[in-house]
Amino acid sequence: QVQLVESGGGLVQAGGSLSLSCTASGFALDTHAVAWFRQAPGKEREGISYIDSRSVSTYYRESVKGRFAISRDNAKNMVYLQMNNLKPEDTAVYYCAARTWPTVEVSENDYDYWGQGTQVTVSS
């Protein structure tokens, strides 16, 4: 019954914004680091943003710095990814994932719980 569910994906024009949400059920997110990953067609899955359990530390892939912002609301058992100034190269399936431990690691292999993904498509 441990579950993560993403929402908020969709089709937007370049320069637009989307806000993704990740909702956990079956466990409390407040002791887990969470990350957002994405996978574009024909490419490997890559980590784009990470946040520790208390929002003390955040990390971003260089290509999204200044455009994306990760945040969390542990009282709601949710994590968010605000995406601004979207580019066509941001088109991908976006996944949230939670780690067993509260501190961030960058490898997807360190994350134990995964959502099903939500599609983000950015048109030019």
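The rules behind these values
- Residues numbered from 1 in each chain as written.
- Predicted model: local features only at pLDDT ≥ 70, side-chain atom pairs only at ≥ 80, totals over all residues.
- Heavy atoms only, no water.
- Helix = DSSP H or I, 4+ residues; strand = E, 2+ residues; numbered from the N terminus.
- Rg over C-alpha atoms; globule rule 2.2 N^0.38 Å.
- Buried < 20%, exposed > 50% of the residue type's maximum accessible area, 1.4 Å probe, protein only.
- Contact = heavy atoms within 4.5 Å.
- Lys, Arg positive; Asp, Glu negative; His and termini not counted.
- Charge placed at Lys NZ, Arg CZ, Asp CG, Glu CD.
- Pairing = 2+ DSSP bridges.
- Axes fitted to C-alpha atoms, helices over the stretch in contact; angles between N-to-C directions.

(A) Representation of the overall build of the protein chain. Along its length, the protein chain carries zero helices and 11 strands. In the protein chain, the order of α-helices and β-strands from amino to carboxyl end is β-β-β-β-β-β-β-β-β-β-β. The C-alpha radius of gyration computed for the protein chain amounts to 13 Å, which stays within 12% of the reference 14 Å derived for 124 residues, consistent with globular compactness. By principal-axis analysis of the C-alpha atoms, the protein chain measures approximately 40 × 25 × 25 Å. Out of the 124 residues in the protein chain, the part that is buried amounts to 43%. Here the analysis covers contacts within the protein chain between residues at least 6 apart in sequence; of these, 60% occur between residues at least 24 apart. Placing the 11 positive and 13 negative side-chain charges of the protein chain at their respective mean positions leaves the two points 4 Å apart.

(B) Representation of the sheet that holds strand S3 (residues 18-25) within the structure. Taken together, four strands build an open sheet; the order of strands is S1-S3-S8-S7 and the sheet is antiparallel. With partners counted over all chains shown, the strands left at the sheet margins are strand S1 (3-7) and strand S7 (68-73), one partner each. Ignoring which end each strand starts from, the neighbouring axes of this sheet average 15° apart.

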